[in-house]
Structures are given as C-alpha cells and as structure tokens.
Amino acid sequence: MILNDRAADPSDEGANHMLVNDNSSSLGVQNAMATNQNRLKSSLQKLATGLRINQASDDPAGLAASEALRAQIRGGQQAQSNANNALAMLQVADSGSQQISDTLQRMRELAIQAANGTYSSTDRGAIQQEFSSLASEVSDIAQSTNYNGVALLAGNQGFTFQVGDGSPGPTINASASLSSVMSLGNVSTQSSAQGALASIDSVMGSVSALRSGLGASMNQLSSTAANLGSNIASVAAAESLIRDTEYAQQSTQLTTSQILTQSSNAMLAQANLLPKGVMGLL
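So, how was this worked out
- Residues numbered from 1 in each chain as written.
- Predicted model: local features only at pLDDT ≥ 70, side-chain atom pairs only at ≥ 80, totals over all residues.
- Heavy atoms only, no water.
- Helix = DSSP H or I, 4+ residues; strand = E, 2+ residues; numbered from the N terminus.
- Buried < 20%, exposed > 50% of the residue type's maximum accessible area, 1.4 Å probe, protein only.
- Contact = heavy atoms within 4.5 Å.
- Areas by Shrake-Rupley, 256 points an atom, 1.4 Å probe, with all protein chains shown as cover.
- Phe/Tyr/Trp six-rings, centres within 6.5 Å; stacked < 30°, edge-to-face > 60°.
- pLDDT = per-residue confidence, 0-100.
- Core = buried A, V, L, I, M, F, W, Y, C linked by side-chain atoms within 4.5 Å.
- Axes fitted to C-alpha atoms, helices over the stretch in contact; angles between N-to-C directions.
- Parallel < 35°, antiparallel > 145°, perpendicular 65-115°, else oblique.
- Left-handed = near helix turned anticlockwise from the far one by under 90°.
- Nonpolar A, V, L, I, M, F, W, Y, C, P; charged D, E, K, R; others polar.
- Expected span 1.5 Å × (residues − 1).
- Salt bridge = Lys/Arg side-chain N within 4 Å of Asp/Glu carboxyl O.

1. Remarks on the overall build of the protein chain
Here's step 1: The secondary structure content of the protein chain amounts to 5 helices and 6 strands.
Here's step 2: The secondary structure elements of the protein chain, listed N-terminal to C-terminal, are β-β-α-α-α-β-β-β-β-α-α.
Here's step 3: Residues classed as buried in the protein chain amount to 32% of the 282 residues present.
Here's step 4: Within the protein chain, contacts between residues separated by at least 24 positions form 73% of all contacts whose residues are at least 6 apart in sequence.
Here's step 5: Within the structure as shown, the protein chain displays about 15,900 Å² of accessible surface, and the carbon and sulfur contribution to it stands at 51%.

Pasting the structure below:
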C-alpha cells in the first residue's frame, strides 16, 4: 500500500514514498545492529580468553601459522626435557664412576703395599682380604648403578638421546663401558701384587676415559638444553604475536562496538516509528 499527497507517477524517480508493508529503514538498521552485536561478541570473547584467534574463521592463515608454531614449541619442550633427563642419567653414571675410581685408588695403594718385600705371606693375606672386599665393591657399584631401571656401567652400554624436534631429529650419543672391572687380579704374593697393580692402572685408565666422555656428553647436553630453551622462548613470542589478543586495540574495539550497538538500538526504535507517520495522513 502506497499513500502519497498526489497521484503516484512511476516515471517520477524522485517521488518520496511512505512504505507501510516494507520498512526498509528498519531492515537496514537491524542489519547494522546485527553486525555490531557480532563485533561486540567477538571483542568480549577475545578479551575473556586472551586469544585473538578463538576459531578458524577469526584468521584462517594466522591459525595455520600458529598451529605450526605451537607444534614446534611443544616438540622443542619435549626435546629440552629429553636433554635434561639424559643429563641427569649421565650424572648418575658419572657418580658411580667416581665411586669406582675412589675404590680403585685404595686398591692400588694395597697392591703397591703388597708388592713390597717387607711383608710376609700372612701380612699379604690380610691385605688380600681388604683387596678382595674392595674388588667386590667395585663390581657391585658397576652392577647397581642404574637410572630408571637402565643399567649404566655394567657391560658395554651405548645411549642415543633425542634432543631435537623432527624425524630424524638431532641426537647425542654417549657410552659407558666398565666390563674390565672384574679383572683386577690379587695381592696374595709379591709378583701377583705387581700384576694387580698393572691391572688396576689399566682399569683406572678406562674409568678416567669413561668419565671424560661422560663429561663431554654432559656439557653438550647442557648446552643443547639451554639453546632449546632460548629457541622455545623466541618461537613462543612469535606465536603469541599471531594468536594472542592485543588488549589495547581490542578494548578500543569493544568500546566502539558498545557505542554502535546502543546507537543501533536507538535508531531501530526510530525506524520502527516511521510507518506510524502514515496515520497522520488518514
């Protein structure tokens, strides 16, 4: 229904029409209000979660980049944990090796003592008793030194530690072998004491070489863990720039959306009053 103060002229494009059945002004305001409300909801969600990207539609490309960085961060964190666990493992091996080295030092003193011609067989028997006890202790330390149930010094042990993100990822190798600790001889005679001294010196050389290798591996693991930590921090900062909410900007957007929503509500009320003007013409 179209009401006007003169006959409607289809060719009169500038004619002012008052529409009753189709309030286009109200529809336009409603669309604007819906847009403002969606922006307001989006701002509230971003400020509440602290995330700029809460769903894929917020920023599809940014989400893909953020997920890739998150995978890198979590992989790096696990690699750093691997490096720290490996470091703790080698520290246990080094501690056991230190105990063995200290025990071998005492055994070497006994071998030198027994090799002296001033001792009788009875004296050497007493020395042998302590020597045998210490040899047994060396063996026990080698057998019992373990980390999480994994033997560290018994036999020929080789370890590979995954300290990088990816497949194949960077690895660090370490080894521990004290299989010769059982061959320490005896000091029951002067000549056997001299042979035991040579055996102990050989084992002590192996223990020193083992500890040197462990020390180098521990230094490498420590450096790797520190580098991983630095890299994780850098990647996390980059991921945060993509995914996290920029509070100053979003707070401004929230205020703007609130004002526009309130304004839209007021304008909708005004637009809904326009058809009532027709009543003045009846």
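2. Notes on the packing of aromatic side chains
Here's step 1: Evaluated as defined, the whole model comprises 1 aromatic pair.
Here's step 2: With centroids separated by 6.3 Å and ring planes inclined at 10°, the aromatic side chains of phenylalanine 159 and phenylalanine 161 adopt a geometry described as stacked. Grouping residues by exposure puts phenylalanine 159 and phenylalanine 161 together as buried.

3. What to know about the confidence of the model for the protein chain
Here's step 1: When the pLDDT values of the protein chain are averaged, the result is 80; 71% of them are 70 or greater.
Here's step 2: The secondary-structure element of the protein chain with the lowest mean pLDDT is strand β1 (residues 2–3), recorded at 40, while helix α2 (residues 60–114) shows the highest, at 93.
Here's step 3: A low-confidence stretch, residues 1–16 (pLDDT under 50), is modelled with 11 contacts involving residues beyond four sequence positions or located in other chains.

4. So, the nonpolar core
Here's step 1: By size, the foremost hydrophobic cluster in this structure holds 41 residues, and its most contacted members are Ile100, Leu104, Leu153, Phe161 and Leu221.
Here's step 2: Those elements that provide at least two residues to this core are α2, α3 (121–144), β5 (156–162), β6 (171–177) and α4 (190–243).
Here's step 3: Broken down by element, the residue count for this core peaks at 12 residues, all from α2.
Here's step 4: For leucine 221, the residues in contact, after removing those within four places along its chain, are Ala83, Ala86, Leu87, Leu90, Phe161, Val163 and Ile172.

5. Some words on the packing of α2 against α3
Here's step 1: Viewed as axis vectors pointing N to C, α2 and α3 meet at an angle of 165°, and their least axial separation amounts to 10 Å. Between α2 and α3, the interaxial angle falls into the category roughly antiparallel. α3 is crossed by α2, and the crossing has left-handed handedness. For the pair α2 and α3, the contacting residues are Gly96, Gln99, Ile100, Thr103, Leu104, Arg106, Met107, Leu110, Ala111, Gln113 and Ala114 in the first and Arg124, Ile127, Glu130, Phe131, Leu134, Ala135, Glu137, Val138, Ile141 and Ala142 in the second.
Here's step 2: Looking at side-chain class alone, the contact of α2 with α3 contains 13 nonpolar, 4 polar and 4 charged residues.

6. Describing α3
Here's step 1: An ideal rise of 1.5 Å per residue puts 34 Å on 24 residues; α3 measures up with 34 Å between its terminal C-alpha atoms.
Here's step 2: Within the span of α3, buried status applies to Arg124, Ile127, Gln128, Phe131, Leu134, Val138, Ser139, Ile141 and Ala142.

7. Quick notes on the environment of glutamine 77
Here's step 1: Within the secondary structure layout, glutamine 77 lies in helix α2.
Here's step 2: Note on glutamine 77: relative accessible area 42%, which makes it partly exposed.

8. Description of unusual backbone geometry
Here's step 1: For asparagine 148, which is not a glycine, the phi torsion comes out positive at approximately 55°.
Here's step 2: Mapped onto the elements, asparagine 148 comes out in the loop between β3 (146–147) and β4 (150–151).
Here's step 3: Under the relative-accessibility criterion, asparagine 148 is labelled exposed at 73%.

9. Remarks on the pattern of salt bridges
Here's step 1: A complete count under the given rule lists 5 salt bridges for this structure.
Here's step 2: Residue aspartate 94 pairs with arginine 211 through a salt bridge whose shortest N-O separation is 2.9 Å. Of this pair, aspartate 94 sits in helix α2 while arginine 211 sits in helix α4, and the two are 117 residues apart along the sequence.
Here's step 3: Here arginine 108 makes a salt bridge to aspartate 201, at a shortest N to O gap of 2.5 Å. With arginine 108 in helix α2 and aspartate 201 in helix α4, this pair connects stretches of sequence that are 93 residues apart.
Here's step 4: The class of arginine 108 is partly exposed, set by a relative accessible area of 28%.
Here's step 5: For aspartate 201, a relative accessible area of 34% corresponds to the partly exposed category.
Here's step 6: Each member of the salt-bridge network shares a partner with another, and the members are Arg106, Glu109 and Glu130.

10. A look at the packing of α2 against α4
Here's step 1: α4 packs onto α2 with a crossing angle of 165° between their chain directions and a minimal axis gap of 6 Å. When the interaxial angle is binned, α2 and α4 end up roughly antiparallel. Between α2 and α4 the crossing geometry is left-handed.
Here's step 2: A breakdown of the residues in the contact of α2 with α4 according to their chemical character gives 33 nonpolar, 17 polar and 8 charged.

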